[in-house]
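Close look at the chain arrangement
Below, each chain spelled out in residue letters.
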Amino acid sequence: MSEPIAFARDRIEALRDQIRAADHAYYVLDQPVLSDAEYDRLMAELSELEAAHPELRTPDSPTQRVSGAPSEKFARVVHREPMLSLGNVQTDGELDELDARVHRMLGLPPEEPVRYVVEPKLDGLAVELVYERGRFVQGSTRGDGVNGEDVTVNLRTVGRLGANRGVPERLAGSPPPRLEVRGEVLLQKHHFAAMNQVIARQGGEPFANPRNAAAGSLRQLDWRITANRPLSFIAYEALAPGGDAGRDPGRDRWKSHWQKLQELRDLGFETNPENRLCLGMGEVKAYRDRMADRRFELPYDTDGVVVKVDDLDWRRRLGAASKFPRWAAAFKYPPQEEATRVEKIWASVGRTGILTPVVEVKPVRISGALISRATLHNEDEMRRKDILEGDWVLIRRAGEVIPEVVKPLPERRTGAERPFVFPATCPVCGARVVREEGEKVYRCTGSACPAQLVGRLTHFAQRRAMDIDGLGDKLAALLVERGLVKEFADLYAVPFEEWQKAFSRPRKVDAKGQKPELPEKSAQNMVEALERSKKATLRRLLFALGIPQVGEATAATLARHFGDLERFFAASEEELIGVRDVGKETAREIRAWTAEPQNQRVVRRLLDAGVTAAPEEVAARGFFAGKTLVLTGSLARRSRDEAKAEIERRGGKVSGSVSRKTDLVVAGEDAGSKLKKAQELGVKVVGEEEFDRLLAEPGS
Ligand code: IVH
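Quick notes on the rules
Residues numbered from 1 in each chain as written. Predicted model: local features only at pLDDT ≥ 70, side-chain atom pairs only at ≥ 80, totals over all residues. Heavy atoms only, no water. Pairing = 2+ DSSP bridges. Helix = DSSP H or I, 4+ residues; strand = E, 2+ residues; numbered from the N terminus. Polar contact = N/O pair within 3.5 Å; in protein donor to acceptor, adjacent residues only side chain to side chain. Contact = heavy atoms within 4.5 Å. Axes fitted to C-alpha atoms, helices over the stretch in contact; angles between N-to-C directions. Parallel < 35°, antiparallel > 145°, perpendicular 65-115°, else oblique. Nonpolar A, V, L, I, M, F, W, Y, C, P; charged D, E, K, R; others polar. Near = heavy atom within 4 Å. Areas by Shrake-Rupley, 256 points an atom, 1.4 Å probe, with all protein chains shown as cover.

1. Observations regarding the sheet that holds strand β24 (residues 685-686)
With parallel pairing, the four strands of this open sheet are ordered in space as β22-β21-β23-β24. Unpaired on one side and paired on the other, β22 (653-655) and β24 mark the two borders of the sheet. Summarising the sheet, strand β21 (residues 628-632) and β22 pair through three bridges and their orientation is parallel. Directly across from leucine 629, in β22, lies its bridge partner valine 654.

The structure is reproduced here in structure tokens:
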């Protein structure tokens, strides 16, 4: 190879490594190591070199991934131990048969109850994670049970958005030399709903249910897409194979499945808090019956219950039949679909003016709730599904949450059914309705449409935005109707008496059977919630404003890039394109929005009302808020810097020395003088495991 090529090759390799490391720091660790400008320079240099030396271009180069075009197929992973599936049982009789077979095969007296572990059957995507010496080295999908797909890089991002503990990069405790963990990658129901809304708004095809959405998010060729999806991981099995001369240390490591689940937790995985140990089939059935209703309250989809023999030695003796283990089975709940009649279809107007077809049906009970309406994403979906006013339809709850029309039952048509035609004018403000070329949706063109305003206010107030507790769509509609609120800042100026009046209307007893609070109390709560919301962070505010194309992830990126509102408003389209993940189209829309004097005024008025936009996400509540911590010794699961960032993100401070003012000392391996000092002063000390627990605490 000639000199210049050899040089180019080395430089290209170095650049790729550096960019990949920067990507990892940015997307996975959430701790950028390069400024965006530096990153762009490296990318530009790499592109130039690759253009000059096309023979050195490889499909896995970071330059090839930007387009989102498939750049690599997933490599095949052969599971060392096949990932079996579970036999289904549907009736009490079948559960009793399973129990009888277990007794028979193990030679147990029939009256001796067997210990079973019962777990919700998670409806996600089964994966296997391999850890060597405590480090995550490979992750794969179940595939056909024997061959899976290598999705290691994608799995590394699971949990990054804080949905749960995700896939730990390094394990706590003392893991075996090789550990294979199996579990389910999931999307929680509320994340699924939010994600689909964004996809639908952007004209994309929404996912049918959380499982498809989780699978679609994980099986991405560009792992950065996965990184922006709030995926969770829940572990339910582990194998600790290998060891010396094929001896299986897994045999001795755990005696029971229950114990295994406990250790998975200690190692840093999320296990399901709903798992239970049952003595005998009677308890299993009771659990199944309790879960039949309770599962709708769980944050993720479950479609059944998994029953597993607890004793691992017994499991080995029971073994597996051709496809299924004999020591476990899945009890599936019947699907929740009901037939009902479409009474009416109408168009509801959202915050961006999009008209969404709403299907009103004769109320039916599904998955524990009374359903009276379902939305369709757009006209195309309505036409594709061929849903007419007056039709009998099957309704289900996608992900057991969002009511969805599955299909019409054409055999029940009488001829009186009518297609729904989108109105030419907005049903709320009367402005013209248009469906632009290439768009999938109809939009209201009214600039002062009250329905859009209500939508904007509820978006602004939602938990993930300004978090104004209690301000939902009904209240927002009332404020708009009374003319009290015309734009965001007006919320902060609504007089106390008006809140009181708003809360004085007769209100129903809520779902939990609790009586509503007194109007004064509710009004007081609202004023306090508004006051709290003023201490916003830049990322929340940017998301709350409802800027076109700016979802939660983009808002976070923009906040990180610009640091304050002024710089954000001053940014030109070119500068916006320079922000990582912001494409041309998004940059154009953002700039059009920031350049609009009306929007500038809206934001100025918010600031005048006392709203702040702090650059950092500083937690105002939670365990760490306002506390001073000292780190000492070496931590197994994270570097000092990482630990510091975790604490600071939760509103805590890290100091270098222990004093009486120290709230907590986190002591790792070989902690020395600081630990001693803490003990002398009586300052509380915790180990890394407890620290992990505190970090994982909800609201921390
Ligand atoms: S145990 C042989 N536990 O069900 C043991 N599986 O039909 C197999 N699943 O592919 C796995 N929740 O995707 C187990 N708590 C749970 C589960 C679970 C869901 C899925 C898993 C697997 C399928 C087996």
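2. Some points on the side chain of arginine 351
With respect to the secondary-structure elements, arginine 351 resides in the loop between β12 (337-349) and β13 (354-366). Engagement of the side chain of arginine 351 in a polar contact is seen with the side chain of histidine 459, the distance being 3.4 Å. Apart from residues no more than four positions distant in its own chain, arginine 351 is found in contact with Arg201, Gln452, Gly455, Arg456, His459 and Gly546.

3. Let's talk about the packing of helix α22 (residues 584-595) against helix α23 (residues 597-608)
Two elements in contact, α22 and α23, have axes whose closest approach is 5 Å; the angle formed by their N-to-C orientations is 70°. Put simply, α22 runs roughly perpendicular to α23. Contacts between α22 and α23 pair Trp593, Thr594 and Ala595 from the former with Pro597, Asn599, Gln600 and Val603 from the latter. Residues belonging to the contact of α22 with α23 are distributed by class as follows: four nonpolar, three polar and no charged.

4. So, the site of the ligand
As a structural note, the neighbourhood of the ligand is formed by 14 residues, with Leu86, Glu119, Leu122, Glu184 and Lys308 the closest of them. Contact between the ligand and leucine 86: an oxygen atom at 3.0 Å from a main-chain N or O atom of the residue. With respect to the ligand, the side chain of lysine 308 contributes an N or O atom lying 3.0 Å from a nitrogen atom. The protein chains hide 88% of the 510 Å² of surface that the ligand would expose on its own. Looking at the shell around the ligand, the element that brings in the most residues is strand β3 (residues 115-122), giving four residues. Classifying every residue of the shell around the ligand by side-chain character gives eight nonpolar, one polar and five charged.

5. Points about the environment of alanine 489
Here alanine 489 is to be found in the loop between α15 (473-481) and α16 (496-502). Note: C-alpha distance between alanine 489 and leucine 606 (117 residues apart in sequence) is 4.9 Å. Residues within four places of alanine 489 in sequence aside, it is in contact with Arg605 and Leu606.

These results come straight from atomic positions and should not be treated as a statement about function.
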